[in-house]
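Now for the letters of each chain:
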Amino acid sequence: MGGFPLRKKRMSFSLELGYPFLDFRFGYGLSDRFQFLIGYRGLYSLSSAGYAGVKIGLFQNKERSVGVSLVALGGYNYVKDADGDGGTTKMLVGGDGGFGEGWLMATVRRRRHGLTLTGGMRISEMSGCDDSEYYCYSSVFDSGRDGTLVTAFFELGWEMRIMQFASYYVAMGVDMFTNSKDLPAMVRFRTGVMLDF
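Computed from a prediction, not measured in an experiment: that's the story for all the values here. (Residues numbered from 1 in each chain as written. Predicted model: local features only at pLDDT ≥ 70, side-chain atom pairs only at ≥ 80, totals over all residues. Heavy atoms only, no water.)

Q: Requested: an account of the side chain of Arg122, with residues and values cited.
A: Within the fold, Arg122 resides in strand E7 (residues 113-126). Side-chain polar atoms of Arg122 contact the side chain of Glu101, separated by 3.1 Å. Sequence-distant contacts of Arg122, defined by excluding residues within four places in its chain, comprise Arg41, Val93, Gly94, Phe99, Gly100, Glu101, Leu149, Val150, Thr151, Phe153 and Asp175. (Helix = DSSP H or I, 4+ residues; strand = E, 2+ residues; numbered from the N terminus. Polar contact = N/O pair within 3.5 Å; in protein donor to acceptor, adjacent residues only side chain to side chain. Contact = heavy atoms within 4.5 Å.)

Q: Pulling in residues and values, what's your account of the pairing of strand E3 (residues 34-42)?
A: Bridge count for strand E2 (residues 22-29) against E3 is 8 bridges, and the pairing is antiparallel. Following the sheet pairing, Gly27 is matched in E3 by Leu37. Two successive antiparallel strands, E2 and E3, enclose a turn made up of 4 residues. Here 8 bridges tie E3 to strand E4 (residues 47-60), and the two strands are oriented antiparallel to one another. Pairing of Arg41 across the sheet is with Ala49, part of E4. As consecutive antiparallel partners, E3 and E4 are separated by 4 residues, and within that stretch Tyr44 has a phi angle of approximately 50°, a positive value. (Pairing = 2+ DSSP bridges.)

What follows is the structure, given as structure tokens:
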């Protein structure tokens, strides 16, 4: 987990609950340094997104107590426009169109416990107001037009091996919407279980 990719031909499945996302993710180790990822995330019933990506191991020591990985994801996010005010939801989930993310993850672990620091950036499409809307509630940008939202995020997490093939993890951090005046930042939280076999 964290800064360590899966070993070759190993698989993982994770279920994650948090704010803003519910997330399901499947991983497969293509080699000891490259892992394929595919998943689904959503702001529960208000949005849904499918994504795929890779996790690349950049460094790990012989004891596998320190690891650093790069994660690159891309996908498409659909936001349900609830009562014409989908702008807040679009902001919380970081877009309502195509998106790309890059994370750098570093983990230090000892025995069954690990501490992970993650930093990254997401670039995503944002739709503006429809011409037929009188009030521009669903727009993220002042112009009411389409745009690109840039989100920087940082997170600190803790993991624990609870069984031979299962780990529990929890993480907290912040999303910073760098080019939005309405919502400059938001706390993020996630907790979940990962099975690897």
